[in-house]
Structure formats: C-alpha cells, structure tokens
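One letter stands for each residue in the lines below.
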Amino acid sequence: MKKFLMIIAISAMITSCSKDEDLSQEQSAVDTESNFQVLFEKPISYSELESQINQLGISKSSIVVTHNFSLGGTPFRGFVPLTENSNQITFNETINKGISGLESEPEIQIGKYVSKSSGSVSRSQELYNISEMMITNVSLDENKVNEIFSSSKVIRSEKQSIPDVRRESNNFSQRNGSSDSWIPDAYGYRIKESTSYPGKRYLLTAMIWITNDPFGEWSDNVTFEPDFNLNNSSNSSLGPGTYLDDSEYINGVPNVHYAASSLPRAYLDTRDTDPNHIKTFTIGCADAAEIKSFKQYKNYIVTDEGNADQDNAQVVFQRGQRWPANVYNTWSVFNDDFYVSGVLVVDIDNVVPSVRPFGSGWPISVPGTDTWYK
C-alpha cells in the first residue's frame, strides 16, 4: 500500500554490464537519494557481498538481500534485512531460524484447497548464497556501483515529483476490467507468538486461485499485493500500538527479522509514504501473470514483539502494474488505483483494483487465525 496520496514517477536507469564492457561516459554521479537493485549473475556468499558493501561505503541497514530455497518442492525467496551488526554467523542464524519457523508451522487449512505437507529444506551452503540485493535511500555515484558490480545487472530507480506521468504505450493495457479472476478464491492467515523463534511474533498467510490463468485478463506486467495492515490509530478501540513490531528500516521496509514467500518474483514491500496509523506487512508479487491455479502460495514474516498484545487488522488485495515493465522490485510496482486514462494521479475513489476480503474498517482480531472464501 505504498505511494499513497502522492504523485510519484520512477526513472529507472537500467545497466547490465559485463567485464568486457566499458562503462558509459554518459552516466553521471547521483547526488540525490536513489534505490539500487543488484541482480547477481551467480549467487554470491555473504563474505563476498560484505567486501563489496565496504567498497561502496554505505550503511548495511540500507540493504535487504534475497536468497532462494525450496520447501517441499516449492520454490521460495527469503528476505534478510541487514543491520550494522550483521556478519556471516548472524546472517546464517537468521536464515536458519526463519526457515525453521516456516517449516514447523502447520498448513493453513483453507477449505478443500489444502496443499501437501511443506516438507523440509536442505541446509546446504547454497542456502546462504545471495541472489539479489536492494539498496535504498542512498546517495551513490552510479558509475561506482556499476564498477563494483560489473558482472551483475544494476537497476537504479529514482523517485521524482512529476505531475503527469504517462504509461508506456502498450505495457499497461488492461484487457478486461470486469473480471474478478485476479482475486484469490481462498485466503487464510495466522498471526501469533512464535514457538520456534522465542521472543518473536509472526504472520503466516496462504492464498490460492482456482481459475485457470487468473491474471490472464490483464497485461503481462500485472502485479499483486496482499496487504496485511495493523491498526496503529489512536482512534482504535484498542488504542495505538501494534501486535507486530511496527518499526522500520531507513528504506521504509518493516523491521522484520526474516521474511519468505513462494509468490512469483516476490518482493518485500516498503511502507514509503503510507499513513502513519497504518502499519503494512506485505510481500508482493511483481509478476502476477506467473501465478498458477490450484497452487497454494505462502507469505511468512517474523518480527520482534510489538507494543500491544491485542490489535485489529485489515487485509487488502491490490492489483497493479510494473512501471517500467521490465523492472521487478517494490519501487516499480504501482496500484491500479493510481491510473486513470493512462495518467498517474492522486487519491482516486472507486477505481477497480482494491478489495477488502474481510470487510471494511478493521474487522480482524489479532492474534488469531481465520480464512476467507470468494
């Protein structure tokens, strides 16, 4: 639910360099805060990455790294936000504890759409290799980033306040706006104290579509976000405070210890520009066209204990688009609410794309478990 009530453009300068290529002389230093996505040609070790971070001279707390693993034959992406105290040992421990918690959780029973047991993860060294890195809110010379990561694909995204942003001509075409096939047919959540991760709390969600090619009514760059929002409002019947830790890193990403998702091209979403009374915990899907029917998808987030033992929540499904269409990260995803007649606009009511499956307001009691069916 990021980028709300705000006109935003993404200017993505995409550079894919090899060791045999010379850096473009036209690239200029960045003197404003930017976001960089680094896609490694081959997954690298934490020690290799740490050396490169030191060369950049930036804070580790501006970085979220991604690793890949399989659970019961299902591919997952895991997310580890780094801290200044991160090292190889704490990095491995974070992954081990996070995955162990996911493994030990029983399946969310969403009616007849029950997947097989999750199985286990092989703890090979490859589990700790890093496939992708997000660097956010940093002032860096782009030439330097490209030089250090010369064998990787580097994408820079810069936020700008531009009043009139046009969609790319064909990429944002919606083939049929009347269909609701994009809405999951079943969705379940569990939010409670963690038994496998003492002193922590977690959110586990599961969703499934039974329609064949559920996002086929929209263009190939369609996206999906299942927002789970906690209520930090002073007007709440429970008062301010949240069940999960509501703090966030300097990049706007919630202060999670670990997160993982089986959604295609999953990304850990930022709260950038969200209203302060809404604390969103979201792992989004940057390529919803790859979502398959009769396959249960999971999101898992672990945080410290929040400052409330009871809370209320809401769930919001959001369909969106990538802009630019060939960039897959949180900064390139925009809710369809923001587009009218091809223009990125502000706070438009009654535009198709958001659905609250459990109802309006704050209908969910936390902690707890529940399911919803379309």
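In this report, we go over the structure that sits alongside the text. Just so we're clear, the structure is a prediction, and the values are computed from it rather than from any experiment.

### Focus: the overall build of the protein
Argument step 1. Summing up its helical and strand segments, the protein has three helices and 21 strands in all.
Argument step 2. For the protein, with 374 residues in total, the buried portion stands at 56%.
Argument step 3. Look at the contacts in the protein between residues 6 or more apart in sequence, and 79% of them connect residues 24 or more apart.

### A few points about unusual backbone geometry
Argument step 1. Cis geometry marks the peptide bond from Trp-323 to Pro-324; its omega dihedral reads -5°.
Argument step 2. Tracing the backbone through its elements, the reader meets Pro-324 in the loop between strand 15 (311-322) and strand 16 (333-335).
Argument step 3. That bond from Val-366 to Pro-367 is cis: its omega, 0°, falls within 30 degrees of zero.
Argument step 4. Position of Pro-367 among the secondary structure elements: in the loop between strand 20 (364-366) and strand 21 (368-373).

### Re the packing of aromatic side chains
Argument step 1. Under the defined criterion, the tally for this structure stands at 15 aromatic pairs.
Argument step 2. Consider the rings of Trp-209 and Phe-224, whose centres lie 5.4 Å apart with planes at 80°: the pair is edge-to-face. Taken together, the positions of Trp-209 in the loop between strand 8 (200-208) and strand 9 (222-231) and Phe-224 in strand 9 put the pair 15 residues apart, joining distant regions of the chain. Each member of the pair, Trp-209 as well as Phe-224, carries the same accessibility label: buried.
Argument step 3. In this structure an aromatic cluster arises from ring pairing among Trp-182, Tyr-187, Tyr-189, Trp-209, Phe-215, Phe-224, Phe-228, Tyr-297, Phe-317, Phe-358 and Trp-372.
Argument step 4. In this arrangement the basic side chain of Arg-201 is found over the ring face of Tyr-243, its NZ or CZ atom lying 4.1 Å from the centre.

### Observations concerning the side chain of Arg-190
Argument step 1. Residue placement: Arg-190 occurs in strand 7 (residues 186-193).
Argument step 2. Exposure remark for Arg-190: the relative accessible area of 9% places this residue in the buried category.
Argument step 3. Residues contacting Arg-190, with those up to four places away along its chain left out, are Glu-105, Pro-106, Glu-107, Ile-108, Tyr-202, Leu-203, Leu-204, Gly-368 and Thr-369.

### Considering the pattern of salt bridges
Argument step 1. With the rule as written, the count across this model stands at 13 salt bridges.
Argument step 2. With a shortest N-O distance of 3.2 Å, Glu-248 and Arg-271 are connected by a salt bridge. Of this pair, Glu-248 sits in the loop between strand 9 and strand 10 (256-261) while Arg-271 is found in the loop between strand 11 (266-268) and strand 12 (278-281), placing the two residues 23 residues apart along the sequence.
Argument step 3. For Arg-271, a relative accessible area of 4% gives the class buried.
Argument step 4. In this structure, Asp-287 engages Arg-322 in a salt bridge whose closest nitrogen and oxygen atoms are separated by 3.9 Å.

### So, empty space enclosed by the protein
Argument step 1. This structure, assessed with the given rule, holds two cavities of 30 Å³ or more.
Argument step 2. Here the largest cavity is characterised by a volume of approximately 170 Å³.
Argument step 3. Val-64, Met-134, Tyr-267, Leu-268 and Thr-330 are, among the 18 residues lining the largest cavity, the residues nearest its centre.
Argument step 4. Its residues assigned to classes, the lining of the largest cavity comprises nine nonpolar, six polar and three charged.
Argument step 5. One number sums up the size of the second largest cavity: a volume of about 60 Å³.
Argument step 6. Taken together, Tyr-187, Leu-203, Thr-205, Pro-226, Phe-228, Phe-281, Thr-282, Ile-283, Asn-299, Tyr-300 and Ile-301 form the lining of the second largest cavity.
Argument step 7. At the level of secondary structure, the elements contributing two or more residues to the lining of the second largest cavity comprise strand 8, strand 9 and strand 14 (297-304).
Argument step 8. Classifying every residue of the lining of the second largest cavity gives eight nonpolar, three polar and no charged.

### Here's the deal with helix 2 (residues 88-104)
Argument step 1. Here helix 2 contains 17 residues, and its C-alpha end-to-end distance of 24 Å stays within 8% of the 24 Å for a straight helix at 1.5 Å per residue.
Argument step 2. Along helix 2, the residues classified as buried are Phe-91, Asn-92, Thr-94, Ile-95, Gly-98, Ile-99, Gly-101 and Leu-102.
Argument step 3. Backbone nitrogen of Ile-89 and a side-chain oxygen of the N-cap are separated by 3.0 Å at the start of helix 2; the cap is Asn-87.

### Regarding the nonpolar core
Argument step 1. One finds Leu-49, Val-65, Phe-69, Phe-91, Met-133 and Phe-149 to be the most contacted residues of the largest nonpolar core, which totals 44 residues.
Argument step 2. Beyond its immediate stretch of four places on either side in the chain, Leu-49 contacts Phe-40, Ile-44, Val-65, Ile-130, Met-133 and Phe-149.
Argument step 3. Judged by nonpolar contacts, the second largest core, of 39 residues, contains Leu-203, Phe-228, Leu-230 and Cys-285.

The rules behind the values
Residues numbered from 1 in each chain as written. Predicted model: local features only at pLDDT ≥ 70, side-chain atom pairs only at ≥ 80, totals over all residues. Heavy atoms only, no water. Helix = DSSP H or I, 4+ residues; strand = E, 2+ residues; numbered from the N terminus. Buried < 20%, exposed > 50% of the residue type's maximum accessible area, 1.4 Å probe, protein only. Contact = heavy atoms within 4.5 Å. Phe/Tyr/Trp six-rings, centres within 6.5 Å; stacked < 30°, edge-to-face > 60°. Lys NZ or Arg CZ within 6 Å of the ring centre and 35° of its normal. Salt bridge = Lys/Arg side-chain N within 4 Å of Asp/Glu carboxyl O. 1 Å grid on protein atoms, 1.4 Å probe; cavity = no way out; pocket = protein on both sides within 12 Å on 5 of 7 lines; lining within 4 Å. Points joined across faces, edges and corners; volume = space filled by probe spheres on them. Nonpolar A, V, L, I, M, F, W, Y, C, P; charged D, E, K, R; others polar. Expected span 1.5 Å × (residues − 1). Polar contact = N/O pair within 3.5 Å; in protein donor to acceptor, adjacent residues only side chain to side chain. Core = buried A, V, L, I, M, F, W, Y, C linked by side-chain atoms within 4.5 Å.

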